[in-house]
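These are the residues of each chain, in order.
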Amino acid sequence: MTQEWPPEAESRTDAATTLADAEITATECHDCGAQVHGLNGRYACGLCGWVNHWSQGSTTLPRAEDDPDYPGS
């Protein structure tokens, strides 16, 4: 039996606002020295796996309750 799900409504204004506030930034990996790029000061190196701490970003992160998949929503 196949069950069909209705399409989820996307909020284009929320996505557009989030993307408009995003800034691509670059730095040097603290472990291997490779140049890494990230969003708003949050980085992950694809070569060695280094990731900077979430609090080092230049913007505040959204709350868990803002996530559309949050169990309480």
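Calculation notes
Residues numbered from 1 in each chain as written. Predicted model: local features only at pLDDT ≥ 70, side-chain atom pairs only at ≥ 80, totals over all residues. Heavy atoms only, no water. Helix = DSSP H or I, 4+ residues; strand = E, 2+ residues; numbered from the N terminus. Buried < 20%, exposed > 50% of the residue type's maximum accessible area, 1.4 Å probe, protein only. Contact = heavy atoms within 4.5 Å. Polar contact = N/O pair within 3.5 Å; in protein donor to acceptor, adjacent residues only side chain to side chain. Salt bridge = Lys/Arg side-chain N within 4 Å of Asp/Glu carboxyl O. Core = buried A, V, L, I, M, F, W, Y, C linked by side-chain atoms within 4.5 Å. Pairing = 2+ DSSP bridges.

(A) Expanded view of the overall build of the chain. Secondary structure summary: the chain contains one helix and two strands in total. The helix and strand sequence of the chain, counted from the amino end, reads α-β-β. Evaluated residue by residue, the chain yields a buried proportion of 18% over its 73 residues. Look at the contacts in the chain between residues 6 or more apart in sequence, and 0% of them connect residues 24 or more apart.

(B) Looking closely at the side chain of Thr25. Within the secondary structure, Thr25 sits in strand β1 (residues 24–28). Looking at Thr25, its side chain comes within polar contact range of the side chain of Tyr43, at 2.9 Å. Not counting chain neighbours up to four residues away, the residues in contact with Thr25 comprise Val36, His37, Gly38, Leu39, Asn40, Gly41 and Tyr43.

(C) Spatial organisation of the pattern of salt bridges. Taken as a whole and assessed by the stated rule, the structure comprises one salt bridge. In this structure, Arg63 engages Asp66 in a salt bridge whose closest nitrogen and oxygen atoms are separated by 3.2 Å. A relative accessible area of 53% means that Arg63 is categorised as exposed. Residue Asp66 is classed as partly exposed on the basis of its relative accessible area, which comes to 45%.

(D) Representation of the nonpolar core in the model. Among the nonpolar cores identified, the biggest contains six residues, and these are Cys29, Ala34, Val36, Tyr43, Cys45 and Trp50. Contact partners of Val36, with chain neighbours within four places excluded, come to Thr25, Ala26, Thr27, Glu28, Cys29, Tyr43, Ala44, Cys45 and Trp50.

(E) View of the pairing of β1. Inspection of the sheet shows β1 paired to strand β2 (residues 35–39) by five bridges, in the antiparallel sense. Bridge pairing links Thr25 to Gly38 in β2. Where β1 folds back on β2, the antiparallel hairpin that results is connected by six residues, among which Gly33 adopts a positive phi of roughly 85°.

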